[in-house]
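This is what each chain is made of:
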Amino acid sequence: MTDKVAQLDGMVSQLIASQDRPTEESIRETIATVRILPFFSDVTDKDAEQLARELEERVGISMGIGAVIGEADFKPWLNDARADGLIEPYYWNRYRKLLEQKRLPKDVVTSTDHVTDRILDRMGNPNDHSAWDRKGMVVGHVQSGKTANYTGLVCKAADAGYRLIVVIAGIHNNLRNQTQARIDEGFVGRDTGRLEKKDTRNKPKLIGVGMFDHRKAPVSLTTTLKDFNKATATTNTSEIASYAVPVVLVIKKNSRTLANLIDWLREHSTGRYSEMVDQPMLLIDDEADNASINIQYGRDEVSRINGQIRDLLGLFRRSCYVGYTATPFANIFIDPDSDDEVYKQDLFPRHFIIGLDAPTNYFGARKVFIDGIPDDDDERPRFLRYIDDNGDLLPVKHKIDHDITAVPESMLAALRCFILARAIRNLRGQKSQHASMLVNASRFTGIQNLLRNRLHQHLKAIEDAVRVDGAKANADSNPEIAELKRCWEDEYRNAWPEWDDIRENLLSVVASATVMAVNSSSSESLDYDSGGENGLTVIAVGGFSLSRGLTLEGLTVSYFLRNSLMYDTLMQMGRWFGYRQNYEDLCRIWMLREASSWYAHIAEATEELQLELKKMERANATPEQFGLAVRSHPSALMVTARNKMGSGQKHLMVGLSNNFVETTRLGAGEAALNHNRKVRDRFSASLSRNGLAPDNAQQVSGGLLLSKVPFEVVDDFLRDFENHPDSVLSATDPIRRYIAARRDDEMSEWDVLIASLKSSDEVDPLEIDGWNINPINRSIGPDDLANNILTISGSSARVASRGMEKAGLSPDRVRQAEADYREERNLGADTKVNFPDRVYRARRERPLFMLFNVSIKKDGVDEADRHKLPGKPVVGWGISFPPSARPDQKVEYILNTTKLRELFGEDDIDEDVPDDKE
């Protein structure tokens, strides 16, 4: 976008912001009206049409108002305070103008206004002078705008009368500095680091909201370059009560920093006759699941930072703690001990939990890992590319002294993609915007630095090739340029069909691109403000520093080679989520196939929890009830491995209402396989005895369906089936207890789906007691075969195909389920949708039992190991549990904690994770 078009955009955006319902016609009319001005005479019709389309997309973006669950005796105060003239929206009005200036869609600004009101109303009333403390949590999505939300909340809290606002932002300096810059822009209105930066003394000190009005600029006791310092703070007016404006601090989540702040407050701001500060204080805990939670082994011990946050809150007679997180599976909910501990958690959000909706243009986990994955395994995913060539060059698990002599070809392919994507973005008029590539492939800073060097060498080789041959008629014969062209043909031909245009733009891209290590041992700083008029083009190589909160501006290509299977670690490492206006189609992510499967699983699980929040809001549930719901979600079986529980047994209560379980791991031993085939045969015979023969079955998508199957038929199968202990969720004892408790009502009758492919000349049907079945085909995880385990579908750990859970539903129920899902996600009737099976499950009246006969593919299994594969189809099963009228009744799973960690891994801790003592 040229400067003239950008200015036209700014003027038109302000004009259409005043329109109630902008339409395609009104947007184009407004552009035409403004283009009459002589200043815009060189804006072409093509530029104007492109701007109109971008504005259409922007105007069409909306955001829900989220969900709120709170204490039963909640008493609102915000409306009365406004009616009594106690709140002047000075800071919020400045911030709202800034959001509009940044061209946020009108609906998103309105929703942010509404949601921050809902949060503020549940915080303590700063005009209430009696002692109070409040604790709450806001659950958002990774990179979806949580910082923007709590900046708005800070502004409103200051308007309402909160005098001290503390933002705890991450455990690394770069994240703290980035958060300070956001607070400077959205709340303070001044560049706090201006006088401390080189060559910036002459730059304007007013920024962001300060450009609208700077009369009542808040005091910041921290800057973009310096964390809290007692000596610096003491040189200012020392008592919080002495300031005529709010005081804000953005501090690192670090033990020493917190101790210094607590000491300073005790020395300067506590009352003469009291050990407590009288001014109302708001504490925003960003990434609240990281380091704030109690992570010690002992039940009565508390981690140092957890204790210091509580000490800080305890200094104030009136305080409010609001934790922000994108990972609600964190330990703050999943406590390793008894249910009672949930209520005793000192930072547990007992007063309110608020779920934020992401705007409709959010580029999130569902879009990448579910909607972007085709049903056919042979088709390529839309955004994902799989790493399968790292081998000995860069093993997933490597030692600190591993020598990086070369990088995998897949990493070079990602680098080429990034160069091409930047060139296309420049051609689309985005030259002034930043563009970033992420490389997260090692936990060791030394190896990160080596990767930076290798990528730098390859980048320079490409630059040399483009400088020497890029303008020649036979440029494409240069090997480096030929590889770029091959990448363009494979990835981006549809995004920009003219290769010559791209080649002509390559030099400006590769000449300005830099490779940078972002870790504790690097002297480099990722400073997007230094990008100049053209914006930065940066390849950022790092680990943990890139995994928590740090925003990589214009992130387009990611290379992720890590082995953590922990929910929150994986989601936080998802820096590629966010907003990608006018370049979403260029985004690519390289990762292990196993990791992508886990992301898909997590995407479904976190989406379910967001829906659970909304459901609990309608039922007037409390935060404690939601916390227990999270802990009893079947996914907690995997999350539990993350807790430092020591070894031994873990007893976990799990709710199976409205959930799906299936046998993802089967024993490969012939005795177990034959035993389960006999169980299948007895099941078939039992169906026949109950008058449920093949002639009674209905042909449906996915197989043959029987209705109203007696409870006993299914229960007998589960009783006799030999479940492998590594298939944790399909342990039959707890499942049988769950269904037995409902045998006389909810689960007296079942739907049964005998899974079968459509008839084909290429497949010989399997005959079982008169049933002709075409077995489904699944690959396995070859690594587990050495342990005599068949991991069905490998890392994706799925036996059922998408859509199977609608078997047994009437067409009307299916249509209604799909219509509700479209409405829930604001999807038009013409939008192609991969409906998650949970939408069908939620409308089931009877449970659905699926019987699988699985033919194991040889693909991916070494020739030497293929003799271990079973010659005949193996037997598995799945159950789709409908919503229960007694969802709170759970069943107990007894887990071996050592085995859990073997299955789901330990945290992939980076070398440069700081010790909280420092």
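Residues numbered from 1 in each chain as written. Predicted model: local features only at pLDDT ≥ 70, side-chain atom pairs only at ≥ 80, totals over all residues. Heavy atoms only, no water.

## Quick look at the overall build of the chain
Thinking step 1. Of the regular secondary structure elements, the chain holds 28 helices and 27 strands.
Thinking step 2. For the chain, the share of sequence-separated contacts (at least 6 apart) that also reach a separation of at least 24 residues comes to 80%.
Thinking step 3. Of the roughly 39,200 Å² of accessible surface on the chain, 45% is carried by carbon and sulfur atoms. (Helix = DSSP H or I, 4+ residues; strand = E, 2+ residues; numbered from the N terminus. Contact = heavy atoms within 4.5 Å. Areas by Shrake-Rupley, 256 points an atom, 1.4 Å probe, with all protein chains shown as cover.)

## Quick notes on the confidence of the model for the chain
Detailed reading of the predicted model is not advised wherever pLDDT is low.
Thinking step 1. Put simply, the chain has an average pLDDT of 83, and 83% of its residues get 70 or more.
Thinking step 2. Segment residues 294-302 is flagged for pLDDT under 50; beyond a separation of four residues in sequence, or across chains, it makes 16 contacts in the model.
Thinking step 3. Counted against residues more than four places away or in other chains, residues 336-344, with its pLDDT under 50, gives 19 contacts. (pLDDT = per-residue confidence, 0-100.)

## So, the sheet that holds strand β4 (residues 219-220)
Thinking step 1. Strand order across the open sheet formed by 8 strands is β1-β8-β2-β7-β6-β3-β5-β4, with mixed pairing between neighbours. The open sheet terminates on both sides in strands that have one partner only, identified here as β1 (67-70) and β4.
Thinking step 2. One ladder, built from 6 bridges, connects strand β3 (residues 164-169) with strand β6 (residues 281-286); its direction is parallel. Looking at β6, one finds that Ile-165 is bridged to Leu-282.
Thinking step 3. Against the sheet, helix α6 (residues 106-122) engages β1, β2 (132-139), β7 (318-325) and β8 (352-355), with an angle of about 175 degrees to β8. (Pairing = 2+ DSSP bridges. Axes fitted to C-alpha atoms, helices over the stretch in contact; angles between N-to-C directions.)

## A few points about the sheet that holds strand β14 (residues 588-591)
Thinking step 1. Taking strand neighbours across the sheet as the criterion, the 6 strands line up as β9-β14-β13-β10-β12-β11 in an open arrangement whose pairing is parallel. Unpaired on one side and paired on the other, β9 (384-386) and β11 (514-518) mark the two borders of the sheet. Between one strand axis and the next, the sheet turns by 20 degrees as a mean value, whatever way the strands run.
Thinking step 2. Two strands pair when backbone bridges link them, and β9 and β14 are joined in this way by 3 bridges, in the parallel orientation. For Leu-384, the partnering residue across the bridge sits in β14 and is Ile-589.

## Looking at a nonpolar patch on the surface
Thinking step 1. Taken together, the side chains of Met-11, Leu-37 and Phe-39 present a nonpolar region at the surface, about 260 Å² in accessible area.
Thinking step 2. A relative accessible area of 39% places Leu-37 in the partly exposed class. (Patch = residues over 30% accessible without salt bridge, like charges linked within 9 Å, V, L, I, M, F, W, Y side chains within 5 Å. Salt bridge = Lys/Arg side-chain N within 4 Å of Asp/Glu carboxyl O. Buried < 20%, exposed > 50% of the residue type's maximum accessible area, 1.4 Å probe, protein only.)

## Details of unusual backbone geometry
Thinking step 1. Located in the positive-phi region is Lys-708, a residue other than glycine, with phi close to 55 degrees.
Thinking step 2. Assignment of secondary structure puts Lys-708 in strand β19 (residues 703-710).
Thinking step 3. One non-glycine residue, Asn-788, lies in positive phi territory at about 65 degrees.
Thinking step 4. By the element assignment, Asn-788 lies in the loop between α25 (782-785) and β24 (789-791).

## Quick look at the nonpolar core
Thinking step 1. With 65 residues, the main nonpolar core has Met-411, Leu-420, Val-439, Leu-451, Tyr-492, Ile-502 and Ile-539 as its most contacted residues.
Thinking step 2. For Leu-420, the contacting residues outside a window of four places in its chain are Leu-484, Cys-487, Trp-488, Tyr-492, Trp-499, Ile-502 and Leu-506.
Thinking step 3. Ranked by size, the runner-up nonpolar core spans 63 residues in total, among them Leu-673, Phe-683, Val-752 and Tyr-893. (Core = buried A, V, L, I, M, F, W, Y, C linked by side-chain atoms within 4.5 Å.)

## Remarks on the packing of aromatic side chains
For any pair of aromatic rings, the description rests on two quantities: the centre-to-centre distance and the angle between the ring planes.
Thinking step 1. Per the stated rule, a full pass over the model turns up 16 aromatic pairs.
Thinking step 2. Summarising the aromatic geometry, the rings of Tyr-821 and Phe-835 are spaced 5.8 Å apart at their centres and angled 70 degrees between planes, so their arrangement reads as edge-to-face. With a gap of 14 residues between them, Tyr-821 in helix α26 (residues 811-824) and Phe-835 in the loop between α26 and α27 (838-841) connect regions that are remote in the sequence.
Thinking step 3. The interplanar angle of 15 degrees and the centroid separation of 6.4 Å between the aromatic rings of Phe-849 and Trp-877 together place this pair among those described as stacked. Remark: Trp-877 occurs in strand β26 (residues 874-880) and Phe-849 occurs in strand β25 (residues 848-856); sequence separation between them is 28 residues. Each member of the pair, Phe-849 as well as Trp-877, is classed as buried. (Phe/Tyr/Trp six-rings, centres within 6.5 Å; stacked < 30°, edge-to-face > 60°.)

## A short note on the pairing of strand β12 (residues 537-542)
Thinking step 1. Where burial is concerned, most of β12 is hidden: 6 out of the 6 residues are buried.
Thinking step 2. Neither face of β12 is open: one carries Thr-537, Ile-539 and Val-541, the other Val-538, Ala-540 and Gly-542, and all of them are buried.
Thinking step 3. Direction of pairing for strand β10 (residues 435-440) relative to β12: parallel, over a ladder of 5 bridges. If you follow Leu-438 over to β12, its bridge partner there is Ala-540.
Thinking step 4. One ladder, built from 5 bridges, connects β11 with β12; its direction is parallel. What sits directly across from Thr-514, in β12, is Val-538.

## Observations regarding the pattern of salt bridges
Any two side chains of opposite charge can pair if their charged atoms end up close together.
Thinking step 1. Taken as a whole, this structure holds 52 salt bridges when the rule is applied.
Thinking step 2. Note that Arg-134 is salt-bridged to Glu-71, the shortest N-O span being 2.5 Å. In this pair, Arg-134 sits in strand β2 while Glu-71 sits in the loop between β1 and α4 (78-83), placing the two residues 63 residues apart along the sequence. We note that Arg-134, like Glu-71, is buried.
Thinking step 3. Linked through salt bridges whose partners overlap, the residues forming this network are Arg-380, Arg-385, Asp-490, Glu-491 and Arg-588.

## Some details on the environment of Ala-231
Thinking step 1. In this fold, Ala-231 is placed in helix α9 (residues 230-235).
Thinking step 2. With 29 residues separating them in the primary sequence, Ala-231 and Asn-260 have C-alpha atoms 9.9 Å apart.

## Describing the pairing of β6
Moving residue by residue along a regular strand, the side chains alternate between the two faces of the sheet.
Thinking step 1. Counting buried positions along β6 gives 6 out of 6 residues, so the element sits mostly inside the fold.
Thinking step 2. Both faces of β6 are covered, namely the face carrying Met-281, Leu-283 and Asp-285 and the face carrying Leu-282, Ile-284 and Asp-286.
Thinking step 3. In this sheet, β7 lies alongside β6 in parallel orientation, the contact comprising 6 bridges. The residue of β7 that forms the bridge with Asp-285 is Gly-323.

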